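# Structure assessment
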Amino acid sequence: MDEKDTVILRELQKNGRITAGDIAVMLEVDENEVENRIAALHAAGILRRCTAVIDYSAAGVEEVAVILSLKITPERGLGYDGIAAQIARFPQVESILLLTGTYDLQVIIRGQSMSEVSRFVAEQIASIEGVRETMTQIVMRTYKEQGVEMMRPGSRDRQLITF
Amino acid sequence: MRNFVSRMAGELPPSGIRKFFDLLLTMDNVISLGVGEPDFDTPWNISQVAISSIEKGMTMYTSNRGLAELRELLSADLDQRYHTKYCPETEMIVTTGVSEGLDIAVRAVVDPGDEVLVVDPCFVSYQAEVLMAGGRPKTLPCSAQDGFKVTPDVLMESITPKSKVLLLNFPTNPTGGVMGKDDLQAIADIIIDHDLLVISDEVYAELTYDGHHVSTAAIDGLWERTITLNGFSKAYAMTGWRLGYLCAPKEMTDAALKIHQYVMMSAPTASQFAGIEALKNGEEAKNEMIAEYRIRRNLFVKGLNDVGLPCHLPKGAFYAFPSVEGTGLSDEEFAERLLREQHVAVVPGSAFGKNGRGHVRTCYAVDRAKLSEAVRRIGIFVESLHS
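Position numbers for residues start from 1 in each chain and track the written sequence from start to end. Labels follow written order: the first chain is A, the first ligand is 1, and so on. Since the coordinates come from a predicted model, pLDDT governs what is reported: local features require at least 70, and pairs of side-chain atoms require 80 or more to be given and counted, while whole-chain, interface and lining totals use all residues. As a rule here, side-chain values come from all non-hydrogen atoms in the structure, and water together with hydrogens is ignored.

## Details of the overall build of chain B
Under the DSSP-based scheme used, a helix requires at least four consecutive residues in state H or I and a strand at least two consecutive residues in state E, with every element numbered from the N terminus. For chain B, the helix and strand inventory stands at 13 helices and 12 strands. Overall, the C-alpha framework of chain B stretches about 65 × 60 × 55 Å when taken along its three principal axes. Note on contacts: a residue pair qualifies if any of its non-hydrogen atoms lie within 4.5 Å across the two residues. Expressed as a percentage of contacts within chain B between residues at least 6 apart in sequence, the contacts between residues at least 24 apart total 76%. In these tables, accessible area is a Shrake-Rupley quantity obtained with a 1.4 Å probe, and a residue counts as shielded only by the protein chains included in the view. Surface exposure of chain B reaches about 16,000 Å², of which carbon and sulfur atoms provide 52%. On chain B, the mean spot of the 37 positive side-chain charges and the mean spot of the 51 negative ones are 3 Å from each other. In this count, Lys and Arg are taken as positive residues and Asp and Glu as negative ones, while His and the chain termini are left out. The atoms used to mark charge sites are NZ of Lys, CZ of Arg, CG of Asp and CD of Glu.

Here is the structure:
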């Protein structure tokens, strides 16, 4: 990883569809060099996936997200990793974070409806051995996600021409 | 009733782009590359300090020269960044933007009939400022071939016995041209030999992409004959705050201060507190914005060249100044038809002086998606002229 790799990662994080050609122009280097660097970042497991940030509410799509906080009894030899790995396998689970404080794991879950998410939490997560306590909070509104401001007001009044 | 308008105001030439304002108001879906200001918001910590200063009731005038803390920080910043030393008590004035700085600088040194050498093409206010002070603007032709710099030959040819001031602006609005140390060194002896004063507007100094900005006053023999103007608008995305500063040897600062006292009293107080925060904690945000402008410059200039508008790589500011001569249209026709047919606003180069003819000013302080769409539309327009 050097400064150029950092710029490539930052640009891909901002816009997963950016072309190697455009990054090459930005960095003032050869397009091949950018392609090679992206391939190397993939191979090293640094660049995992280029994904999209979607505002489902803007699209009128019904979606429910909850933040599930869990108290866990750590397993001998595995600590929290074994249970986290089990939870990670569910496609409904968007992210899992190990935290300090009252709760051990924070899990973000998305689903089509509240009943679907409730059933998933009750039947699939709460029943895992080692899960001692759960607290579920409903996400009411998303203001910012993965660095993207979802509530950004429309374009500000800017003059169209000045000196 | 007699005509009450002063002769000066009556004779002042109107802006060359007035008709575009009117046309723009009738159009929608316009991508504007005609705005010479950052598209970023002022970094929030800077705005927050200004808000907090108002909440604390710090809404009175400041000293005419500006808050002492701001001047001290500016003095240290200029020393560290450009190796120019100014005493915060006697050689600096905080102004209401560089616009006011320019006005009081010109009025402090120009007598009626004095000739002021103005780079052509240049920012539209310069000639008007000279005229308002009773001076005579004389243009210094600059060309794309020379990177829109002032060369020793052109300077020599332009000087007359009445020449008193050389007005420089590097990096330049509208061309993005930059004068490096060697370039300034090459004209320094001429400036000294002809006993000229330099007013150096360096508001785009921080937006220098290849190498570091060299301040005119940092060149040997020029400090004592230079008035340096700078401000927060461009580098910190603070255009609406109207905060600038003037630095010069005491004799000239004292003269400019008298005019400043009578016309402005002091720069806006909340803006001055914002300026303090910008200097203390604005470096990171500023550098991020500059890095983004550099990326946009590279993408945009390549895009312009690809669609058939030859464009030199601007070394500073956030303007590209492509030639439109190959299209067979004048710069004014090009700008007007591009606006009518593709809804992209650019400024005709001739609005910035005779030597801007055949070019258009395009500002790339516009987000990348819009910039890319603008290039696409310009491409369609240029293509349509050939078919």
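Let us keep going from here.
## Focus: the interface of chain B and chain A
With 32 residues of chain B at the interface, the matching set in chain A holds 16 residues. A quick way to say it: buried area is the sum, across both parts, of accessible area lost when two parts are put together, with a 1.4 Å probe. Across the chain B/chain A interface, buried area totals approximately 2,000 Å², and carbon plus sulfur atoms make up 56% of it. The term salt bridge refers to a pairing of a side-chain nitrogen on Lys or Arg with a carboxyl oxygen on Asp or Glu at a separation within 4 Å. Joining chain B to chain A, the criterion identifies 4 salt bridges. One salt bridge in this structure joins A:Glu28 and B:Arg294, with 3.2 Å as the shortest N-O distance. Within 3.5 Å is the distance limit for a polar contact, defined as a pair of N or O atoms, with the added protein rule that one can donate a hydrogen and the other accept it, and that residues adjacent in sequence qualify only through two side-chain atoms. Inspection of the region where chain B meets chain A yields 6 residue pairs in polar contact (both at pLDDT 80 or more). Counting residues per element, the ones that place at least two in the side of chain B that touches chain A are α2 (18-25) and α11 (283-306) of chain B. Of the residues forming the side of chain B that touches chain A, the biggest block, 7 residues, is contributed by α11(B). In this classification, the charged set is Asp, Glu, Lys and Arg, the nonpolar set is Ala, Val, Leu, Ile, Met, Phe, Trp, Tyr, Cys and Pro, and all remaining amino acids, among them Gly, are polar. Here the residues of the side of chain B that touches chain A are counted per class, giving 17 nonpolar, 6 polar and 9 charged.

## Considering a negative patch on the surface
Residue and element names in this part refer to chain A. A surface patch of like charges, here negative, comprises Asp-22, Asp-30, Glu-31 and Glu-35. As for its placement among the helices and strands, Glu-35 is situated in helix α3 (residues 31-43). Judged by relative accessible area, which is 40%, Glu-35 ranks as partly exposed. Patch building starts from residues that exceed 30% relative accessible area and form no salt bridge, then joins like charges within 9 Å and nonpolar side chains (Val, Leu, Ile, Met, Phe, Trp, Tyr) within 5 Å. Think of it in three bands: with a 1.4 Å probe and only protein chains considered, a residue is buried below 20% of the maximum accessible area for its type, exposed above 50%, and partly exposed in between.

## So, the sheet that holds strand β11 (residues 347-348) of chain B
Strand order in the open sheet made by the 3 strands is β9-β12-β11 (chain B), with antiparallel pairing throughout. Here the strands that pair on one side only, and so sit at the sheet edges, are β9 (319-320) and β11 of chain B. DSSP bridges decide pairing: two strands pair if at least two such bridges lie between them.

## Some points on the UniProt feature "domain: Aminotransferase class I/classII large" (unreviewed entry) in chain B
UniProt positions are given in the numbering used here, feature names are shortened, and annotations may be inferred rather than shown by experiment. Those residues carrying the UniProt feature "domain: Aminotransferase class I/classII large" (unreviewed entry) are residues 29-378 of chain B in this numbering. Taken end to end, residues 29-378 of chain B is 41% helix and 14% strand, and its first and last C-alpha atoms sit 14 Å apart.

## Thoughts on the pairing of strand β1 (residues 64-72) of chain A
Residues and elements named next belong to chain A. Burial runs high along β1: 8 of the 9 residues are buried. Examined bridge by bridge, β1 and strand β3 (residues 105-111) share 7 bridges and lie antiparallel to one another. If you follow Val-64 over to β3, its bridge partner there is Gly-111. Pairing geometry for β1 and strand β4 (residues 131-138), over 7 bridges, is antiparallel. Across the sheet, Leu-70 pairs through a bridge with Thr-134, a residue of β4.

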